[in-house]
Amino acid sequence: MSVRENGRTMNSANGNQHRGFSMSSDDDMIDITTTGTVTERSIHYDDPGTSHLPGVTYCMGDGEGESLCYQRTSILQHVAADGDEIPGIGQYEDFHTIDWQRDIARDRMRHRYIVKRRQNSLFDLVKGAHDAWSGWVCVLLVGLTTGVVAGVIDIGASWMSDLKYGICPSRFWFNREQCCWSSNETTSFETGNCSDWLTWSEVLGQSRTGAGAYIISYLMYIAWALLFASLAASLVRMFAPYACGSGIPEIKTILSGFIIRGYLGKWTLIIKSVGIMLSVSAGLSLGKEGPMVHIACCIGNILSYLFPKYGRNEAKKREILSAAAAAGVSVAFGAPIGGVLFSLEEVSYYFPLKTLWRSFFCALVAAFVLHSINPFGNEHSVLFFVEYNNPWIFFELVPFVGLGIIGGVIAAIFIRANLYWCKYRKTSKLGQYPVTEVLIVTAVTAVLAYPNPYTRMSTSELIYLLFRKCGVTNTDDLCDYNRNFTDVKSAVDLASAGPKVYRAMWLLVLALIFKLLATVFTFGIKVPCGLFIPSLCLGAIVGRIVGIGMEQLAFNYPHIWVFSGECSTMKDCITPGLYAMVGAAAVLGGVTRMTVSLVVVMFELTGGVRYIVPLMAAAMASKWVGDALGSHGVYDAHINLNGYPFLDSKEEFAHTSLAADVMQPKRNETLSVLTQDSMTVEDVETLMKETEHNGFPVVVSRESQYLVGFVLRRDLNLALAQARRAVEGLRPSSLVLFTSNSPQQPPQPGTPAPLLLKNILDMAPITITDQTPMETVVDMFRKLGLRQTLVTHNGRLLGVITKKDVLRYVKQLDNEDPNSVLFN
């Protein structure tokens, strides 16, 4: 820091000389008006990181040789590249909304400072280059880490899932499929065993088959499920309560500008990663794909602190979190493009073009890393990857749309039932025993799932089984057709379904009912649990059943006009696996209300461009039906249930009301304000004790009520605490000044120096008039990311409208409980 002093004389209106105190243009200027003579010191700060001026002594002469000296100290805040002077200024409290405009302005100021200093030295040039590429480096690290973590989770979940059935004695770290690879034996989904893989009945000295072996395997299945579930629930409860659930509702809320401290922390990352492996391995009706978005955002949040540009600016940090969400979907489904579109369509609130590019790069890196790890040994990122080649018939759009309708109905039933159960959990004693609830749900799930082979296997295996085509080597009941294969390489012909197919269909109907009920009670319990895979499974079951029905219809009536072209030659013109895929997309679309990103994810899963139209038809039908039966998807519904302040940009505000109808306080009520130069430290502290507001407007005086600016409660508290530590002689009677002008009255002997807090004052708060339509106000909150706006009339302050006020008003107009909005 360099300090340059120069004296100068200023003539006042009455001819007296004054001495002033001035700072650089970015700092406060403090003028002291007296009747005597004051020596002026002009102090310029070349170092923007200077925290505060420790003290300057002023001596005033009375014209007769006598002088009065006192020390005046100011708290200075200068937002620059090195950060804030007062630690914590510009940050936010837990469960509060950020101010997008202020954070973006802070970043622009920091950026201008760096650009301005590039020519000064080589170090500043390198520093500027580092600032320019730091965003790309950050998303590169996020993509690399996300890919590695996803590979570990996939491998660990696959191994632990197979522990419920048996073990590979020669190589216990192999799962069932890898164990059978070493013996060059193939396994079926129904038996899933080979000579090198020992079931628990064989480990305990029993045979592989028989009643005794069945009972032992049944009990071991339940025991392992309870062990895994209890571990997952205990880890969540003891170390990271935020690791439970899907995480996507909270991610959407955080990306909209909400602060939830610890939700994206390191403990949440560790426990969520371990817990999701345990939860999936327990056989619960949940998936690990949804929580991958939460895990990726945890990684993005942690790595952003390596780059202060993002770690110390909440608005900028959300650019990294949007890219991380894209990487999470990319590794969940092996769909990098679908991940970018998912982040854009479903979770992100602010998505500029550079965030699109970085999200694309982050998703690409994550998918490449996971592909290199090859967790499933099939060169794909997911277990249920399939490929289709057969074209679809134009008439099949009718059953595809029908699947979309069915998917929307199933989704609406699930959302309503799950919300009802979650509300009951919150208001009853059940919510006080989360681990007990997890164990009960796990025990019931394991007992009911084991007898049915389609619910006994993991959900990803079941989805793959329903997606795939029946070939020569398929031995599952779903492929029991009366075909006569003469040439293995010949095309598969249409054939009548055997008795095992109809048996499998009945088992699938039972599996559908069981999975639907189990998912209703599972989604929301205190373990990591996703909803993508159960939704895909429900739709795949319905789709496979419909596909088999269409296949048999084409076989029995090949000459009707619908099938006369493609199916008249008895070729395989109907693909039941395609119906399963379309049905899966329909239910998932109905549950989440995804459209574009869903179609792209499913397209990347199957690699078939020709099936985009059926997927689009089913997704749109599902969304329309879902919107008709319920206004919200499951994630938005859980946001409302938890009372998060999420203002959905997709919804329209159709009510005719004015800002005066919503502002707080109402007309003829007292508004809590600060004055710019007439309140003492004691007055400010009393006001903060008596109110719970998160910020205070600053006015010229209580009589005029003309607006000066807005100050946040947190910044005011921090500034007062810093002043108590740094300022000597600060008293409760010290004036608090939010202006650079000097007080009207000259200081008296023994008068404490005023406390200067203009630096924490927002001099340009967003203001509206009391006659502004609420439709415009809501659009401002959505598009500008406002935290609050001030209501004025002819320049005089009338009230404040916060984001919480808007949400409560919208709920009141929609005949919902306005008090359900719990947070600010």
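A brief report on the enclosed structure follows. Computed from a predicted structure; not experimentally measured.

What counts, and at which threshold
Residues numbered from 1 in each chain as written. Predicted model: local features only at pLDDT ≥ 70, side-chain atom pairs only at ≥ 80, totals over all residues. Heavy atoms only, no water. Buried < 20%, exposed > 50% of the residue type's maximum accessible area, 1.4 Å probe, protein only. Helix = DSSP H or I, 4+ residues; strand = E, 2+ residues; numbered from the N terminus. Pairing = 2+ DSSP bridges. Right-handed = clockwise from strand over helix to strand, strands pointing away. Phe/Tyr/Trp six-rings, centres within 6.5 Å; stacked < 30°, edge-to-face > 60°. Axes fitted to C-alpha atoms, helices over the stretch in contact; angles between N-to-C directions. Left-handed = near helix turned anticlockwise from the far one by under 90°. Contact = heavy atoms within 4.5 Å. Nonpolar A, V, L, I, M, F, W, Y, C, P; charged D, E, K, R; others polar. Polar contact = N/O pair within 3.5 Å; in protein donor to acceptor, adjacent residues only side chain to side chain.

With five of six residues buried, strand 17 (residues 788-793) is to be regarded as a mostly interior element. The pairing of strand 16 (residues 767-769) with strand 17 spans three bridges and is classified as parallel. Looking at strand 17, one finds that T767 is bridged to L790. Between strand 16 and its parallel partner strand 17, the chain crosses via helix 25 (residues 774-784), and the hand of that crossover is right-handed. Across six bridges, strand 17 lies against strand 18 (residues 796-802) in antiparallel orientation. What sits directly across from H793, in strand 18, is R796. Once strand 17 ends, the chain turns through two residues before running back antiparallel as strand 18, passing N794 with a positive phi of about 55 degrees.

A full pass over the atoms with the stated rule returns 25 aromatic pairs. A centroid spacing of 4.6 Å and a plane angle of 15 degrees characterise the contact between F95 and F823, whose relative ring orientation is stacked. Residue F95 is located in the loop between strand 7 (67-74) and helix 1 (100-116), and its partner F823 is located in the segment after helix 26 (803-813); the two are separated by 728 residues in the primary sequence. Under the relative-accessibility criterion, F95 is labelled partly exposed at 25%.

Bringing the packing of helix 8 (residues 289-304) against helix 10 (residues 314-333) into the picture now. Where helix 8 meets helix 10, the closest approach of the two axes is 7 Å, and the angle between their N-to-C directions is 145 degrees. By crossing handedness, the relation of helix 8 to helix 10 is classed as right-handed. Across the interface between the two elements, E289, M292, V293, A296, C297, G300, N301 and S304 from helix 8 touch K317, I320, L321, A324, A325, G328, V329, V331, A332 and F333 from helix 10. Looking at the contact of helix 8 with helix 10 residue by residue, the classes come out as twelve nonpolar, four polar and two charged.

This paragraph deals with the side chain of T675. Mapped onto the elements of the fold, T675 is located in strand 10 (residues 674-675). Within the structure, the side chain of T675 is placed 2.7 Å from the side chain of S678, a separation counted as a polar contact. For T675, the contacting residues outside a window of four places in its chain are V698, V699, V700, S701, R702 and F738.

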